[in-house]
Amino acid sequence: GDSVTQMEGPVTLSEEAFLTINCTYTATGYPSLFWYVQYPGEGLQLLLKATKADDKGSNKGFEATYRKETTSFHLEKGSVQVSDSAVYFCALSDPGSNYQLIWGAGTKLIIKP
Amino acid sequence: EAGVTQFPSHSVIEKGQTVTLRCDPISGHDNLYWYRRVMGKEIKFLLHFVKESKQDESGMPNNRFLAERTGGTYSTLKVQPAELEDSGVYFCASSQNLGTDTQYFGPGTRLTVL
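Presented here is an overview of the structure given in this document. (Residues numbered from 1 in each chain as written. Chains lettered and ligands numbered in written order. Predicted model: local features only at pLDDT ≥ 70, side-chain atom pairs only at ≥ 80, totals over all residues. Heavy atoms only, no water.)

### Remarks on the overall build of chain A
Reasoning step 1: Looking only at helices and strands, chain A has zero helices and 12 strands in total.
Reasoning step 2: The C-alpha atoms of chain A give 14 Å as radius of gyration, which agrees with the globular expectation for 113 residues (13 Å, within 12%).
Reasoning step 3: Considered along the principal axes of its C-alpha atoms, chain A spans approximately 45 × 25 × 20 Å.
Reasoning step 4: The buried share of chain A, reckoned over its 113 residues, is 47%.
Reasoning step 5: Restricting the contact set of chain A to residue pairs at least 6 apart, pairs at least 24 apart contribute 56%.
Reasoning step 6: One way to put it: in chain A the 9 positive side-chain charges average out to a point 2 Å from where the 12 negative ones average out. (Helix = DSSP H or I, 4+ residues; strand = E, 2+ residues; numbered from the N terminus. Rg over C-alpha atoms; globule rule 2.2 N^0.38 Å. Buried < 20%, exposed > 50% of the residue type's maximum accessible area, 1.4 Å probe, protein only. Contact = heavy atoms within 4.5 Å. Lys, Arg positive; Asp, Glu negative; His and termini not counted. Charge placed at Lys NZ, Arg CZ, Asp CG, Glu CD.)

Structure (structure tokens):
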């Protein structure tokens, strides 16, 4: 079945550092890919998404490109801030799975000032 | 526009008791989903409503869980009787259409079974 694998955390960085959180997937069909973020004490928020190969999703300085050849959707940000500290989830939605979201384990990001 | 709301935000019950979680989706969203995250594990799909009908309930763990969506508006998820392994955070999400449409999430209900 479909699955999502993302790098384990926690990831600890200094402010203004470059961020990469790796995400790879397996899917039987042509999924849409998502990054959700959960800030401390809050619910899940959509950060960005991409619906087809080579699409780039972007929001709040974060970017991820849908790479079909490597089945990846890595999250990047050029300069992180303390306010980016949160748990980041990679997920996919596949018509073959009735569009339910299939999730990675989540990566906790800690940014130190 | 109001987002997805869930009630209660926290619930602490004893093993064997019954708990009912409620989700109010975004107005006009026909699709409503339940997910849960058990401690230390991935978020897992439970079920999906389209209006008042269960479209997919393949993720429901067992018959102690009962979900309803009266009139295609709010939904309830009842756990009866609750077991220790049911502890976790229960998320509800809604979307307007299927497919690539974004699922918008509520804040979750943290359930602790003692």
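The structure having been displayed, the exposition proceeds.
### Concerning the pattern of salt bridges
All names here are of chain B.
Reasoning step 1: Tallied over the full model, the rule gives seven salt bridges over all chains.
Reasoning step 2: One salt bridge in this structure joins K15 and E83, with 4.0 Å as the shortest N-O distance. Of this pair, K15 sits in the loop between β2 (10-13) and β3 (19-24) while E83 is found in the loop between β8 (75-79) and β9 (88-95), placing the two residues 68 residues apart along the sequence.
Reasoning step 3: On the basis of relative accessibility, which here comes to 51%, the residue K15 falls in the exposed class.
Reasoning step 4: The exposure class of E83 is partly exposed, given its relative accessible area of 22%.
Reasoning step 5: The closest approach of N and O atoms between D24 and R22, which form a salt bridge, is 2.7 Å.
Reasoning step 6: On the basis of relative accessibility, which here comes to 33%, the residue R22 falls in the partly exposed class.
Reasoning step 7: When salt bridges that share partners are traced, they join R36, R64 and D86 into one network. (Salt bridge = Lys/Arg side-chain N within 4 Å of Asp/Glu carboxyl O.)

### Looking at the nonpolar core
Reasoning step 1: Judged by nonpolar contacts, the single largest core of 27 residues is most densely connected at W35, L47, L48, F73, L75 and Y88 of chain A.
Reasoning step 2: Where this core is concerned, the elements lending two or more residues are β2 (11-14), β3 (19-21), β4 (23-26), β5 (32-38), β6 (44-50), β8 (62-65), β10 (86-93) and β12 (107-112) of chain A.
Reasoning step 3: Per-element tally for this core: the top contributor is β10 of chain A, with four residues.
Reasoning step 4: Counting residues in each nonpolar core, the second largest holds 21 residues, with V4, I13, V79 and Y90 of chain B among its members. (Core = buried A, V, L, I, M, F, W, Y, C linked by side-chain atoms within 4.5 Å.)

### A word on the side chain of Q6 of chain A
Residue and element names in this part refer to chain A.
Reasoning step 1: In this structure, Q6 sits in strand β1 (residues 3-6).
Reasoning step 2: Within the local environment of Q6, its side chain forms a polar contact with the backbone oxygen of Y88, the two atoms lying 2.9 Å apart.
Reasoning step 3: Not counting chain neighbours up to four residues away, the residues in contact with Q6 comprise I21, N22, C23, W35, Y88, F89, C90, G104, A105, G106 and T107. (Polar contact = N/O pair within 3.5 Å; in protein donor to acceptor, adjacent residues only side chain to side chain.)

### As for the sheet that holds strand β1 (residues 5-7) of chain B
Residues and elements named next belong to chain B.
Reasoning step 1: What the four strands build is an open sheet, ordered β1-β3-β8-β7; its pairing is antiparallel. Looking at strand neighbours, the two that pair on one side only are β1 and β7 (65-68), the edges of this open sheet. Averaged over all adjacent pairs, the angle separating strand axes in this sheet is 15°, with direction ignored.
Reasoning step 2: Both β7 and β8 contribute to a ladder of four bridges, which runs antiparallel. Across the sheet, residue A67 finds its bridge partner in β8, namely L77. (Pairing = 2+ DSSP bridges. Axes fitted to C-alpha atoms, helices over the stretch in contact; angles between N-to-C directions.)

### A word on the interface of chain A and chain B
Reasoning step 1: At the junction of the two partners, chain A supplies 18 residues and chain B supplies 19 residues.
Reasoning step 2: Across the chain A to chain B interface the summed buried area is about 1,600 Å²; carbon plus sulfur atoms make up 58%.
Reasoning step 3: On the chain A side of the interface with chain B, the three residues burying the most area are L44, Y99 and W103 of chain A, jointly 32% of the side's total.
Reasoning step 4: On the surface where chain A and chain B come into contact, there are zero salt bridges.
Reasoning step 5: Linking chain A with chain B are seven residue pairs in polar contact (both at pLDDT 80 or more), by the criterion used here.
Reasoning step 6: Of all the elements in the fold, those that place two or more residues in the side of chain A that touches chain B are β5, β6, β10 and β11 (101-103) of chain A.
Reasoning step 7: For the side of chain A that touches chain B, the class distribution of residues is eight nonpolar, nine polar and one charged. (Buried area = accessible area lost by both parts, 1.4 Å probe. Nonpolar A, V, L, I, M, F, W, Y, C, P; charged D, E, K, R; others polar.)

### Description of the sheet that holds strand β9 (residues 75-77) of chain A
All names here are of chain A.
Reasoning step 1: Pairing is antiparallel in the open sheet, where four strands are placed in the order β3-β9-β8-β7. Two strands close off the open sheet at either side, each with one partner strand: β3 and β7 (56-59). For this sheet, the mean angle separating the axes of adjacent strands, direction not counted, is 15°.
Reasoning step 2: Relative to β8, β7 runs antiparallel, the two being bridged by four bridges. Directly across from N59, in β8, lies its bridge partner F62.

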